[in-house]
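Reading the structure
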Amino acid sequence: MMEGGIIARYPADAQKADGLRAAAGLALSGGPFLLVTPHPVIAVPLGAVAGLFLVFALRTLARQLETIRVDAAGLQVTGLWQRRIDWAALERVSLKYYATKRDRSGGWMRLVLAGGGRRLALESQLEGFDAIAARVAEAVLARGLVVDKATRENFLALGHYLPGPD
């Protein structure tokens, strides 16, 4: 089915920018706690925002350490957490597009794979995303999986036809 392997990582520039955003958000939302003890009405929302930026910072760190390997047997993510989905265990695939502008000229794609009790999500900023999407499309065809209309349209936008029920 598939020959050769793919090794992909999230680009360092994008991770650096996300790291700076996380640091700025933590400084603005957590900084006031270092200077004063805010009133609970202010402290609770500020603390919640700081928590969100902390989660974003940890996600960015995890992505920076991740390596995605695709081979004839499946897809593996190594880094802080090890995850793998074999093509033989693939049960569900979803490819969604998230627009950042009304005219849909900007945005990103999110590819979600599930099978064998595992779930992996990859975003289109990943170097090698198109090649990985091609391998996933091959696996979907080989396994005869049915995907939703939006997923079929998004794969078609990447140049991969997947048949559907309609």
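Below is a summary of the structure that appears in this document. (Residues numbered from 1 in each chain as written. Predicted model: local features only at pLDDT ≥ 70, side-chain atom pairs only at ≥ 80, totals over all residues. Heavy atoms only, no water.)

Observations concerning helix α4 (residues 149-157)
All of the buried residues in α4 are T151, R152, N154 and F155. Seen along its axis, α4 keeps its buried residues to an arc of 165°; they face one direction. Opposite the buried face of α4, by more than 90 degrees, sit the exposed residues L156 and A157. Contact partners of the buried residues in α4: β5 (90-99), β6 (107-115) and α3 (129-143). Between a side-chain oxygen at the N-terminus of α4 and the backbone nitrogen of A150 the separation is 3.3 Å; the capping residue is D148. (Buried < 20%, exposed > 50% of the residue type's maximum accessible area, 1.4 Å probe, protein only. Helix = DSSP H or I, 4+ residues; strand = E, 2+ residues; numbered from the N terminus. Arc of directions from axis to C-beta. Contact = heavy atoms within 4.5 Å. Polar contact = N/O pair within 3.5 Å; in protein donor to acceptor, adjacent residues only side chain to side chain.)

Quick look at the sheet that holds β6
Across the sheet, which stays open at both edges, the 3 strands sit in the order β5-β6-β7 with antiparallel pairing between neighbours. Of all strands in the sheet, those with a lone pairing partner are β5 and β7 (118-123), marking the two edges. Strand-to-strand twist in this sheet, taken as the mean axis angle between neighbours without regard to direction, amounts to 15°. When β6 meets β7, the two strands line up antiparallel, connected through 6 bridges. By the bridge assignment, G115 is partnered in β7 with R118. Strands β5 and β6 of the sheet are contacted by α4, whose axis makes an angle of about 70° with β5. (Pairing = 2+ DSSP bridges. Axes fitted to C-alpha atoms, helices over the stretch in contact; angles between N-to-C directions.)

Some remarks on the pattern of salt bridges
Summed over the entire model, instances satisfying the criterion amount to 9 salt bridges. A salt bridge links R63 to E123, with the shortest nitrogen-to-oxygen separation between them at 3.3 Å. A residue pair is termed long-range when its members are at least 10 positions apart, and R63 in helix α2 (residues 40-65) and E123 in strand β7 qualify at 60 residues. The exposure class of R63 is buried, given its relative accessible area of 8%. Salt bridges sharing partners connect three or more residues here, namely R59, R63, R110 and E123. (Salt bridge = Lys/Arg side-chain N within 4 Å of Asp/Glu carboxyl O.)

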